[in-house]
Structures are given as C-alpha cells and as structure tokens.
Amino acid sequence: MDIDISDQRSFALEGNSFAARAGQVKLDAVAELERRVKSLEAACDSEQAALDPPNYTEEELMFLYEDVLAFSPDLQPQQPAEVTSQEVERQQSDEDLAIVCAAEERFTLDEPLASSSTQSLLPPHRRLLSHTLSAVSRIEAARDATKISPDTEPSIAFPVAILTVPEFSSILRLSIQAGDADAADLTLDLMKRSGLAIPEEVLSSLLKVYASAGNVTGAERVLRYLSGPPTHKQRHYHIKSHLISTPALTIPESALELLHSYEAQNLPAPIQTYTSVITSLFSSNTSLGRAQAWDLFAHMRYVAHGDPDVTLYALMIRACASPINVRASEPERALDLWTEMTVDRSLRPTAGAYDAIILACARSGRARYVNEAFRLAKQMLDSHRDARGESAFKPSRRTYCAMLEGAKRIGDLSRTRWILAQMIAGPSSTDADSVNEEVMMHVFHAYASYRPPFNRSIVKPAEAAQADNESSTSTEVSPADSQSSSQQTSVTAQEAGSAFTHIPPQSGAEVIHEVQILYNRILYDSGLKTLSDPTDGGALPAEQKFKYVELSPRLLNSYLAVHYKHASFEDACELYRQVFTECQLLKTGRTYVEALERCAIARRGHERRVVMDFADENQAGTGYDAAHLKRILGFSPKQRTKKLYKLSKAL
C-alpha cells in the first residue's frame, strides 16, 4: 500500500513528540524524588537536632548558671556599703539641725525680744522647745479663758499646732542624739498637747533608746502615749528594757512576767524577743535558768511561734554544746534540732548554725560524733557553691576551734596539725581570723591526748629479752645512769627526727620536739624570745603567724600538760618551775591541780620520791600542807580522784 509522504512526516513528528514527553516525565520524576529525599534528610536533621543536647560555650553556661546558683540573701557575703551608717546619721543630723534652726527663726521674728543670754547658750533643739512650750501654754491659757465654768468646754475646740510633725521629729532625733531624755519626753508631751497624732516610728525610736539603756520607767512612760496596742517592735523594746535592767547571771523574772502578760492579751512578742529572753536564761549559767530556757522554747512553739527561725535553732543547738554539770555535750539533741531545721523545715543554715552543730558534735568526745562534726564542716564548705565554685561560707576561727575541740578529745593529731596548717597558710592580717591563744591551747591539748603508735620494730624477741633480764640481774645500774641514758636517747631522737612531716610523731620525744618548736615560735612572734637558728626546718611560714597569741596561764597549763604526758617527770617539774617565771605570769588553781594529777599517777621508786619533794614545793599554792598532799597521793586511784576533785573545787 502506498503511503503519502505527508502522512509519513506526520507520523514522524508524533513519535518525536511522544519521546520528548516521555523524557520530560522522567526528568520530573527524578526531580521530585530528589526533592523528597532532601525533605527527608532535612526532617531527619531536625529530629536529630531536637534529640541531641544543645551545645553552649563556657561563657553562655556561666551566664545561664550565675542566677541559678547565686547565693541567697542570707548566705550572700556582706559587701562594704558605699555609704556607711555614720555618714547617713551625720546627714540626717545636719538636716534635722537645719529644720530646727529654720523653725526657731520663725519665733525670733515674731518675738525678737524673747531670746535671752541664757537661752542663747542652750542647744538649738532646747531653745525651740522653750519657744514652743511658751506658745502652747499661752494657747491653753486662752482656751481656758473662753470656758464658761471650769467644768465646761468651749463650744468649738480644735487643735492648734505650733510646729509640724516633721519638725517635732527632728527635735526628738536631736534630743536622742544628745542623750537628753528630758527634752525627748517634753517633745512628746508638746505633741500631745498640740493635738498632733504621734507617729509610731517616733515612739519606737525613743523606746529603742530607753530599751538599750535598760530604763524601764522611761520605756513605760513612752508607751502611755500610744493610742492603741503596741506594735511588734514596741513590744520587743519593752521586754528588752526589762532584760537589760536585770543584773548579770540572774534569771530575768520581770521580763518573763511581761512576756507572758502579752501572751495573755493575745499580743505575743516577736520571735527575736523570745530569742533574747532564752539567751538571757542561758547566760545565767545555772541549771534552773537552762531548764527554763528549754521550757520557754517549747512553750513558744505552742503559744506564739510554731516555726522557729534559723537564729533560734542555732541558739538551741549551741546550748547543747555546753550543758550544765555535764562534761560532755548533747549531740543527739543537737542533731535532732539540726534535722528538724534543715530537713523538716527546709531552712538554709547560716555560718553560726554550722558552727553550733559542729561544736555540739565535737565536744561529745566520741569518735562517731567527732567524725560527724568533720563531715558537717565539709558539707558547710562544699554544699553551697556558686557557678564559679566559690563557697558561700568560709571557715572562721570559731569553726576551726570547734573542730579542734573534737580532734583533741579523741587524740587525732593528724587532723589537729592539718587545721593548724590551714590557719597559718592563709592571709591573717587581722586578729579576727588569725591564730590566737584559744587555738594554740586546743593544739597543745591535742598533743597531750595523742598516743604515739606502737612500733613493733623496737620490741625485742623473747630470747633477747630473757638475755637482757639475766644480764640486768648480774649488773645493777644506778638511777642516775639510767636517767642520763634516757635523756641522751631522747635528745638523739629529737635531733634525728624531723618535725612537722606528713607522718605524725612516732614517739614521745618527737611530740615534745614539735611542741617546743611551736612554743618557741609563739615566744618569738610575741617578741619575748629571739631565734637565731629556727629548728622547724622551714615547716612554719616566715611571717609572724603567731603574733596574736597572748600568753596566758591556761596556755601555759596546756603546754605543761604535753610534758606531763610525754616527758619524764623530772623534765616536767623543771619546766613547771621555769615557764611561769619566764612569762611573768601567776599560777592558777588549775595549774596546781593538773600538777597534782600528774603526781597521782607517779610510778613507785625514784619517781615517787621526786613526787613527794614536788608536793612539798607546792603546798603554799594549794593551801594544803605537805602531809595532806602526801596522804592524797597514797590513796587508791578511785579515792585519789575524789580527793583531787575536791581540791580542784576548793582552788
């Protein structure tokens, strides 16, 4: 069949167009596939980014956590204020003086002849009060003249104020600053006679002055100007005046009666008032006062304040560290209060609260609670840190002394040396944060209670010991020779051993060597002794870290206690005769008692004879004759302890 050429051309064009459309479809499908793949990849990347933790720089993290880990206001270290309180008071005084002088000029303009030479010598607030009193008296006289009869009032009566309330307030502040109580009382009287409402802050400021001075009469006179019940602050000042007026070491009966009177009126005092009263009861230093303090604490929680604050908790915990008529503290009660405060009440402890609980646990003398005290000290430094790692609390000398109380009671010399190293390592520019007499007393007590470890290498075998015994029976050694040999051995040990190494002293001679170095350094820093060749081997810093240590009888007693424990009795007696004379101090009753306690454990033989001679020397200081002291030393250990206890009470 014949096909036209035009038809063939049309068929060819249609085939080419079909092929072109097929290729276009294929390209579109590939593009769509690529788009979908890219969309899936983008979705996967976004999901992965959501799952992965964000990456922050150190600066961004610091900015983020500075607010989160910032110290709370009660833990924030107090920064020195730009404007001190003295400057604020001076500015307020200048303003008050200007106000008083301006008010006085009004009177002098109206009455130029009123001023006299006598009034010109008075202070400005006194002159203004004189003018005001004269004007108020004339107004009252004119008001009385308008009365029809003495028993009737005028038909229209209204107050006439000569001065404004701010001017009266300025007069009152100047009177308080000058200590002029009569002027302050006259100011309140004139405000009342002028018909002005006396502001509460004015009454509170004057009441605070009377309370600080313990003037109960003045405080109650101010309270008569109140138009309603006293505020919390005024009730606090009222009770405080009774507390301060109470003699020291006595129970504040009047303050307790007033406190319960306010409770009966359903006007309980603020919690700081209860804290002040409880502090006064504890300060009485009697078992009755302490019992009333604990009763008042329980009574307050039922009647007035069920949730004590951190300050009151710290006070009660501190009281557990110093019970009356009991040598050890009460760590169980202290830890119960601590748990109630920190766990049950979720209160953040302060530095004072930490010091109180550490001291209560440390003074128990039991290793379990002493270790708890050191754990709490570590928690104090590590649990409250900001974003930069700085602790909110810094260990004070009170904290170190509390830890030393525990270390010396269990004979932990390693911790004692560490604490002393920490105190002398840091800067101590002031007396408040440096080593003082109390610190060194605790350190010497720790050396005295320390027991050198048992060294097995110096123990001889049984065969060698038997041979030595046989040789000793055949050859007698005089006491003088044995004493000289022991002294040579101790001197050799002192010269050979190095002081203040990382290993504690391994013998009594090394203990004495370290204590002598510390004592000589105290004398050197105090200016009482010169050291040409220090024997500490560079362990102690070159700075005068012990210059604030004051030589006192209790410091010398603690120094002697180390020699009583680790030195021979002859050396201890020689030091006893010299140390108080060199420091120009007098012996106390504890000095004689501790010396007699060392005599009470003297061994038979040569040491017992030395003890009897030593008792003869000290009969004048104890008030007992030598025969009585010898009888005490001859008793059994139990009877000897009772006799020495009675002697210590007498001294």
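Below is a short write-up of the structure.

Analysis parameters
In every chain, residue numbers begin from 1 and rise along the written sequence. Residues qualify for local features only when their pLDDT is at least 70, as the model is predicted, and side-chain atom pairs are given and counted only at 80 or more; totals for whole chains, interfaces and linings, by contrast, use all residues. In computing side-chain values, all of the structure's heavy atoms are included and hydrogens and water are not. The numbering of helices and of strands both runs from the N terminus, where a helix is a DSSP run of H or I of at least 4 residues and a strand a run of E of at least 2. Each residue's exposure class comes from its accessible area (1.4 Å probe, protein chains only) as a fraction of the maximum for that residue type: buried when under 20%, exposed when over 50%, partly exposed otherwise. Accessible surface is estimated by sampling points in the Shrake-Rupley manner with a 1.4 Å probe; for residues, cover comes only from the protein chains shown. The span one expects for a helix is its residue count, reduced by one, times 1.5 Å. Residue contacts are counted whenever heavy atoms from the two residues lie within 4.5 Å of one another. Aromatic pairing here means that ring centres of Phe, Tyr or Trp (its six-membered ring) are within 6.5 Å. Orientation follows from the plane angle: under 30 degrees is stacked, over 60 is edge-to-face, and everything else is tilted. Working convention: axes come from line fits to C-alpha atoms, limited for helices to the stretch in contact. Angles between N-to-C directions cover 0 to 180 degrees. The labels follow the angle: roughly parallel below 35 degrees, roughly antiparallel above 145, roughly perpendicular from 65 to 115, and oblique for the rest. Each crossing gets its hand from how the near helix is turned against the far one by less than a right angle, where anticlockwise is left-handed and clockwise is right-handed. Each residue is assigned to one class: nonpolar for Ala, Val, Leu, Ile, Met, Phe, Trp, Tyr, Cys and Pro, charged for Asp, Glu, Lys and Arg, and polar for all the others, Gly among them.

## What to know about the overall build of the protein
For step 1, the next point in the chain: Across its full length, the protein carries 30 helices and 0 strands.
For step 2, the next point in the chain: By residue count, 37% of the 651 residues in the protein fall in the buried class.
For step 3, the next point in the chain: Split by element, the accessible area of the protein, about 38,100 Å² in all, is 54% carbon and sulfur.

## As for helix α18 (residues 397-409)
For step 1, the next point in the chain: For α18, with 13 residues, the first-to-last C-alpha span of 18 Å sits near the 18 Å given by 1.5 Å per residue.
For step 2, the next point in the chain: Counting buried residues along α18, 11 of its 13 residues qualify, which places the element largely inside the surrounding structure.
For step 3, the next point in the chain: Among the residues making up α18, those that are buried are Arg397, Thr399, Tyr400, Cys401, Ala402, Met403, Leu404, Glu405, Gly406, Ala407 and Lys408.
For step 4, the next point in the chain: Where α18 is buried, its residues contact α16 (351-362), α17 (367-382), α19 (413-425) and α20 (437-449).
For step 5, the next point in the chain: Once α18 finishes, Gly411 follows within two positions and takes phi at roughly 70°, a positive value.

## Considering the packing of aromatic side chains
For step 1, the next point in the chain: Scanning the model with the defined rule gives 6 aromatic pairs in all.
For step 2, the next point in the chain: Considering the side-chain rings of Phe282 and Trp294, the 6.2 Å spacing of their centres and the 80° angle between planes classify their relative orientation as edge-to-face. Of this pair, Phe282 sits in helix α12 (residues 271-283) while Trp294 sits in helix α13 (residues 287-303), and the two are 12 residues apart along the sequence.
For step 3, the next point in the chain: A relative accessible area of 12% means that Phe282 is categorised as buried.
For step 4, the next point in the chain: Taking the relative accessible area as the measure of exposure, Trp294 reaches 18% and is therefore buried.
For step 5, the next point in the chain: Seen from their ring centres, Phe444 and Tyr559 are 5.7 Å apart, and the 50° between their planes marks the pair as tilted.

## Examining the packing of α20 against helix α24 (residues 553-566)
For step 1, the next point in the chain: Two elements in contact, α20 and α24, have axes separated by 8 Å at closest approach and are oriented at 10°. In terms of axis orientation, α20 runs roughly parallel to α24. For the pair α20 and α24, the crossing hand works out as left-handed. Packed against α20, whose contacting residues are Glu437, Glu438, Met440, Met441, Phe444, His445, Tyr447, Ala448 and Ser449, the element α24 presents Arg554, Leu555, Ser558, Tyr559, Ala561, Val562, Lys565 and His566 at the interface.
For step 2, the next point in the chain: Residues that form the contact of α20 with α24 fall into these classes: 9 nonpolar, 4 polar and 4 charged.

## Remarks on helix α26 (residues 589-600)
For step 1, the next point in the chain: The terminal C-alpha atoms of α26 lie 16 Å apart, and with 12 residues this matches the ideal 16 Å at 1.5 Å per residue to within 8%.
For step 2, the next point in the chain: The element α26 is extensively covered by neighbouring structure, given that 10 of its 12 residues are classed as buried.
For step 3, the next point in the chain: Buried within α26 we find Gly589, Thr591, Tyr592, Val593, Glu594, Ala595, Leu596, Arg598, Cys599 and Ala600.

## A word on the side chain of Ser204
For step 1, the next point in the chain: Mapped onto the elements, Ser204 comes out in helix α8 (residues 200-213).
For step 2, the next point in the chain: With a relative accessible area of 9%, Ser204 lands in the buried category.
For step 3, the next point in the chain: Not counting residues within four places of it along the chain, the set of residues in contact with Ser204 comprises Lys233, Gln234 and Tyr237.

## Focus: the packing of α17 against α18
For step 1, the next point in the chain: Interhelical geometry of α17 versus α18 gives an angle of 155° and a closest axis separation of 9 Å. In terms of orientation, α17 and α18 fall into the roughly antiparallel class. Seen from above, α17 lies across α18 with left-handed handedness. Side by side, α17 and α18 meet where Val370, Phe374, Ala377 and Met380 of the first sit next to Thr399, Met403, Gly406 and Ala407 of the second.
For step 2, the next point in the chain: Considered class by class, the residues forming the contact of α17 with α18 number 6 nonpolar, 2 polar and no charged.

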